Amino acid sequence: MTERWWQVFARRPNAVAGGVLIAIMLSAALAGIVYTPYDPVAIDFHRRLSAPSMAHWLGTDEWGRDVISRVLSGAVVSVGIAALTSLIATSIGALIGAVCGFYGRWIDKIVMAVMDALLAFPSLIMALAVVTVFGAGPYTPVLALSVAYLPSVVRVVRASVLGLKHRDFVDASTIMGNSRAFTLLRHVLPNTLAPVIVLATSIFGWALLAESALSFLGLGVPPPAASWGGMLADSRVYFEDAPWLALAPGFALSISLLGVNLFGDALRDYFDPRMKNL
Amino acid sequence: MSRVLTIEKLSIDIRAGGAGTRRVVNDVSLSIDSGRIAALVGESGSGKTLIGRSVMRLLPPVAALVGGDIVFNGASLTKLDETQMRSLRGRQIGAVFQEPMVSLNPALTIGFQMMEAMRLHERVSQAEARRRCMTMLEKVRIVDPEEALRAHPRQFSGGMRQRIMLASVLAMRPRLLIADEPTTALDALIRKEIMDLMVALTREIGTSVLLISHDLAMVAQYSDDVTVLRQGETVEQGSPAGMLLRPTHEYTRALMDALPARAPTNGVVRAPLVEINDLCVDFHRKRGLLSRRAAAKRAVDKASLSIFDGEVLAVVGESGSGKTTIGRTLLRLCDSSSGSIRFDGQDFNGMDADAVARFRTRTQMVFQDPFSSLDPRMTLGAAVAEGLRHVAGLEHGERLRRAAEILEEVGLPGAYVERYPHELSGGQRQRVCIARAVVARPRFIVADEPVSALDVTIQRQVLKLLTQLQEKYGFTYLFISHDLGVVEQMADRVAVMFRGRVLEVGPRNTIFDSPLHPYTMRLLEATPRLVRRADGAFELHTFPTRRQPAPAGHGYFNNGCIPGAPESVGAPLMIEVAAGHSVCCARAER
C-alpha cells in the first residue's frame, strides 16, 4: 500500500509547520469576514494611539481604530488578492503555456515573444504601471500582479509540455483516435500539475508581499479599507510612540509568508521524484 | 597452463529491507586457466553479476561476501587490504560493463581517461603512455587514434565507446578481464565486432576472460567453459559443446527450450491489407535563424512493401535504418513526403476526417518503452478503457468492464484495474500497453520493438502473449525489431532495411536459410543462433551460407551496407528472384 500524500506530509516538519501557519492565516481572513471585535474603519478620537489593553488587544491607531480588527480585515484583502492572483495567473498561464508548447509554430513564437517582453520588466514596476494606468481599486492589484506573474507560469508549463509531448502515451492517444485538444487536456495538462501547484504556492507568497508593497506605496486598496501594507505605511510616523502599529501587520505578514514558503518547499520535495526516497 | 582465477565455494548475502539477509550466491566454485574464456550464464537474478563484482571486490554496500575464497594468481583476494586491492584493479584485473554510455566520464577526454590508469599503476612517461594508447586504439580499429585521444566520449556512438573501453582496459595488459554483458546494449553487427575484437585481443595478450551473459548462443560461440547458474546456485559446469549443445540437466534443457525457435507459419496467402509504394519520409531539421533552407534527412527512401491480412511482417535493421519511421508513417504519426500507402484498399491521401476516424479504430501500436507509453496519472483500467472511447454505443461502465476483461486476458487480473503505472514492472506495463492496443479489436497492429526493453525471461512471455492474441483475434502485425532471434520466432515474412532502403523481402524461412543480399548475410552472421536438430541436440549456426551472385546484369545495391565494396551508382531496383522473395539490386556497370 502506498502512502497517501497527507501521511507523507505529516512526517515532514516543514510541511506541518507551514500547514499550521497557513491555517492561522486563513482563519484570520475568515474571522475578518465573519467577526471582528470592532468595526475596522470606525474612528474614535478619544482612544487615539492607545496601547494594547484588555479592551483593545493590539491597541488602536492614530484614528482610534482597533488594530486587531484592522489586521483581521486586512487579512481578507491581502489573502484574497494573493489567492485570486495565484489562481488567475496559474490557470490562464497554464492554458497559454500548454497551447504554446503543444501546438508550437507561429503561435508559440508570438506568445513567447510577448512573454519574454513581459518578463523583462521587474514584476513590481510592471504592477505599478498597471495600477497607474487603471487607477487604484480592489481589483487592480489582482490584474496587475496576475499579468506580472503570468510569464513564469507560461514558461514552466510550456517547458514541461515540450517534454511530455514526445512521450509515447501522447502518440498512443492519437492512435486511439483522440483529437489533439482532447489529448492535450486529458493526458498532457494533468501531467504538468506538479510543477504548477508548486509554482502556485510561490506566486501566492510573492503576491502577498507585492500587494503589501503596493499598499505601502498607496497604490493598493484605497483607504480607509484596511490592508497590511497600508497599515505598515501609516505606522512609520508613530513608530517610537506606538510600535504595536507596525508590529501587528508586520508580524501577520511574516507569519503568512513563512507559512506559504515552508509549505511550498514541502510540496516541491513531495513532487520531485529525486527526493522521494530520502 | 597456469591457473589465473579460482573461486571456491563463494557465498554472498544481501541485506534485505528491514531485518534479515538473503543468500543470493550459494557455494559457487569455478576456475579459469590463463588465456581461456569462461562464461557465467543465467537469467537475471541468478547472481552472475555479483560474482563478477566480488572478484573486483566491488560489491554494492548491501551485499557481503560471507563464505568461500577467491584466489587470483595464487593470492587470496579476500585477505588483501584495500591498498593492495587497488593495485590489482585495472592493472591485473580489468572490467568492461554493459552500459558504454555511462562507463566513460563525459567530462574528460578519451586520452586522459585511458592514460590515467596507466600512469597510476606504471611509472611511464606521458609520451610512452600516449604511444601505447594509440596502438591500442588502432587495434580496436578506431579510425583516427590521434584525434580520438583528444575527443570527448559524447563524440562517439555506443559501439565506438565500447571499443574504446575495451582498448583502455586491455592497454594495461591485465591477466583477467571481467566482461559483464559487454554487448547487450548494442546492435547485432556491432555486437559481433566487439566480441571478435575482444577474443582476438585477449588471445594476443594472453588475458583470461570471465564472460557474464544471458545470451546462450553467444556463450556457445565464444567461451571455452560454461557455468550455468540458477538463483545463486551452480546448476552445471562443462564445455559449451557438451553441455549446451546436448543438454542433459533439466534446468539447462529448460533454458535451451526457451530459446526462440521457428514457429510454423500459416502458409495461407491472403489479400494485402497494407500496400506501400515508393514511400519516402523526410525529416526536416530545425531551420537556423539565418538560413531559410530546411535541411532534410531522408529516413525512408522509396520503400515498397505489402503486408498481408493476418500475417506477421517483421522489419529488421540497425538503429537508424528507418524501420520505426515506416511504422509511424503507417499509423499516420509522420507525414510521408512522396509515394503512396493504401490501407484496406483506401489511399492515405484520399482520406477525409471521417475516414481517418474509422482508420483509427482499426489500427493500433505497441511501443518500445513501457515507461513512457502509459499516462502516469491514469489507472490501468482507465488507460485501457480509453481505447474504446471511439467505439460507438458503449457506456462508460461497459468500457471499464471490457477493460478489466482484457487486462485479465493479458495476465493482470482483478485489482490491477485500480493500479497506477508506477506500481508495475516493465513487463507488466508492456502487458497493459498490449491490452490497450487490442481492446478495440483492431485489424492492424504496429509493434515497435515491443520486447527489446525487457528482460529475456519476460521477453519470452510477452512474445507468447502477442502470438496467442493474434491466434485468437486474427490481427495483422508489423513487427519492428533489431533482434533476429525474436524475428525468427515471430515473423511470417521478413523485410531487411538499411538507411531507409528495403534491401530484401521474403518469407521467413527463405530469408533465414537462403538469403541473397550481402547485408542480410552480414546480419545473420552477426547473430549466432542455437538451432535444435532432429535428434534433440543443438547446433550452433553462425552461418554463412554461400554468397550468391546477383541476378544477371545486376549487382546487389550498396548504399554503404556492404563495407569495402564500391557504393552503387545506378538507381536501386527490387528484383523478384522467387515468388515473394525480392532483393534490392542495381544495374551492373560496364
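Residues numbered from 1 in each chain as written. Chains lettered and ligands numbered in written order. Predicted model: local features only at pLDDT ≥ 70, side-chain atom pairs only at ≥ 80, totals over all residues. Heavy atoms only, no water.

## Here we look at the overall build of chain B
Helices and strands together make up the secondary structure of chain B, namely 19 helices and 25 strands. Residue burial in chain B is summarised as follows: out of 590 residues, 52% are buried. If you take every contact in chain B between residues at least 6 apart in sequence, the share linking residues at least 24 apart comes to 68%. Split by element, the accessible area of chain B, about 26400 Å² in all, is 50% carbon and sulfur. Put simply, chain B has 75 plus and 66 minus side-chain charges, and the middle of one group is 4 Å from the middle of the other. (Helix = DSSP H or I, 4+ residues; strand = E, 2+ residues; numbered from the N terminus. Buried < 20%, exposed > 50% of the residue type's maximum accessible area, 1.4 Å probe, protein only. Contact = heavy atoms within 4.5 Å. Areas by Shrake-Rupley, 256 points an atom, 1.4 Å probe, with all protein chains shown as cover. Lys, Arg positive; Asp, Glu negative; His and termini not counted. Charge placed at Lys NZ, Arg CZ, Asp CG, Glu CD.)

## A few points about the overall build of chain A
Secondary structure summary: chain A contains 11 helices and 0 strands in total. Reading chain A from its N terminus to its C terminus gives the helix and strand order α-α-α-α-α-α-α-α-α-α-α. Dimensions along the principal axes, computed over C-alpha positions, put chain A at roughly 75 × 50 × 30 Å. Buried positions account for 47% of the 278 residues belonging to chain A. Excluding contacts between residues fewer than 6 apart, the proportion of contacts in chain A whose partners are at least 24 apart in sequence is 72%. If you average the places of the 19 positive and of the 17 negative side-chain charges in chain A, the two averages end up 13 Å apart.

## Focus on the packing of aromatic side chains
All names here are of chain B. Tallied over the entire structure, the rule returns 8 aromatic pairs over all chains. Centre to centre, the rings of Phe475 and Tyr477 are 6.2 Å apart; their planes meet at 55 degrees, and the pair counts as tilted. Residue Tyr477 is classed as buried on the basis of its relative accessible area, which comes to 1%. An angle of 55 degrees between the planes, with centres 4.9 Å apart, marks the rings of Phe498 and Tyr519 as tilted. On the criterion of sequence distance, the pair formed by Phe498 in strand 19 (residues 493-498) and Tyr519 in helix 19 (residues 518-525) is long-range, its members being 21 residues apart. (Phe/Tyr/Trp six-rings, centres within 6.5 Å; stacked < 30°, edge-to-face > 60°.)

## With respect to the sheet that holds strand 1 (residues 3-15) of chain B
All names here are of chain B. The strand order across the open sheet formed by 4 strands is 2-1-4-5, and the pairing between neighbours is antiparallel. Looking along the sheet, the strands with just one partner apiece sit at the ends: strand 2 (21-33) and strand 5 (75-76). Here strand 4 (residues 63-72) pairs with strand 5 via 2 bridges, running antiparallel. Looking across to strand 5, one finds that Val71 is bridged to Ser76. Packing of helix 1 (residues 48-56) onto the sheet brings it into contact with strand 1, strand 2 and strand 4, and relative to strand 1 it is tilted by some 115 degrees. (Pairing = 2+ DSSP bridges. Axes fitted to C-alpha atoms, helices over the stretch in contact; angles between N-to-C directions.)

## A word on the pattern of salt bridges
Residue and element names in this part refer to chain B. All chains considered together, the criterion is met by 31 salt bridges over all chains. Here Arg362 ties to Asp344 by a salt bridge, and the two come within 2.5 Å at their closest N and O atoms. On the criterion of sequence distance, the pair formed by Arg362 in helix 12 (residues 353-362) and Asp344 in the loop between strand 14 (338-343) and strand 15 (346-347) is long-range, its members being 18 residues apart. A salt bridge links Glu409 to Lys472; its shortest N-O distance comes to 2.9 Å. One end of the pair, Glu409, is in helix 14 (residues 396-409); the other, Lys472, is in helix 16 (residues 456-473), and 63 residues separate them in sequence. Overall, Glu409 belongs to the partly exposed group, its relative accessible area being 30%. Salt bridges linked by common partners bring Asp282, Arg298, Asp301 and Arg501 together as one network. (Salt bridge = Lys/Arg side-chain N within 4 Å of Asp/Glu carboxyl O.)

## Digging into the confidence of the model for chain B
On average, residues of chain B score 86 in pLDDT, and 95% of them are at 70 or above. Two summary scores accompany this predicted model of the complex, namely pTM at 0.79 and ipTM at 0.75. (pLDDT = per-residue confidence, 0-100.)

## Considering the environment of Ala261 of chain B
Topologically, Ala261 of chain B is positioned in the loop between helix 10 (250-257) and strand 11 (272-284). Between the alpha carbons of Ala261 of chain B and Val199 of chain B there is a distance of 28 Å; along the sequence they are 62 residues apart.

## Some thoughts on the domain arrangement of chain B
All names here are of chain B. Here chain B is partitioned into domain 1 (34-62 + 83-257) and domain 2 (272-587). Summarising the inter-unit geometry, the C-alpha centres of domain 1 and domain 2 are found 32 Å apart. Listed by partner, the interface residues are 18 residues for domain 1 and 23 residues for domain 2. Of the roughly 1800 Å² buried at the junction of domain 1 and domain 2 (both faces included), carbon and sulfur atoms supply 61%. Ranking the residues of domain 1 by area buried against domain 2 places Asp187, Leu189 and Leu245 at the top, with a combined share of 32%. (Domains from an automatic or database assignment. Buried area = accessible area lost by both parts, 1.4 Å probe.)

## Details of the interface of chain B and chain A
Every contact between the two is made by 22 residues of chain B and, on the other side, 17 residues of chain A. Carbon and sulfur atoms supply 55% of the area buried between chain B and chain A, which totals about 1900 Å² over both sides. The largest per-residue losses of area from chain B upon contact with chain A belong to Arg360, Arg377 and Glu386 of chain B, which jointly make up 27% of the total buried on that side. On inspection of chain B and its partner chain A, the count reaches 1 salt bridge. The tally of links between chain B and chain A comes to 12 residue pairs in polar contact (both at pLDDT 80 or more). When residues in the side of chain B that touches chain A are grouped by element, the largest group, 3 residues, is from strand 16 (residues 363-366) of chain B. (Polar contact = N/O pair within 3.5 Å; in protein donor to acceptor, adjacent residues only side chain to side chain.)

## So, the confidence of the model for chain A
Looking at chain A as a whole, the pLDDT averages 83, with 95% of positions reaching at least 70. pLDDT under 50 marks residues 274-278 of chain A. Its contacts with residues more than four places away, or in other chains, come to 3 contacts.

## Topic: the packing of helix 9 (residues 193-216) of chain A against helix 10 (residues 228-235) of chain A
All names here are of chain A. One way to put it is that helix 9 packs onto helix 10 with a least axis distance of 7 Å and a crossing angle of 40 degrees. Judged by the angle between their axes, helix 9 and helix 10 are oblique. At the point where helix 9 passes helix 10, the crossing takes the right-handed sense. Two secondary-structure elements touch here, helix 9 through Ser212, Ser215 and Phe216 and helix 10 through Trp228, Gly229, Gly230, Leu232 and Ala233. (Parallel < 35°, antiparallel > 145°, perpendicular 65-115°, else oblique. Left-handed = near helix turned anticlockwise from the far one by under 90°.)

## Some remarks on unusual backbone geometry
With a phi angle near 55 degrees, Asn73 of chain B is a residue other than glycine that sits in the positive phi range. Judged by relative accessible area, which is 36%, Asn73 of chain B ranks as partly exposed.

## Some remarks on the sheet that holds strand 12 (residues 296-308) of chain B
All names here are of chain B. Spatially, 4 strands are ordered 12-11-14-15 in an open sheet, and the strand pairing comes out antiparallel. With partners counted over all chains shown, the strands left at the sheet margins are strand 12 and strand 15, one partner each. Where strand 11 lies against strand 14, 5 bridges are found, and the strand directions are antiparallel. Note on strand 14: the bridge partner recorded for Cys280 is Ser338. Most of the contacts of helix 11 (residues 323-330) go to strand 11, to which it runs at about 115 degrees, and overall it touches strand 11, strand 12 and strand 14.

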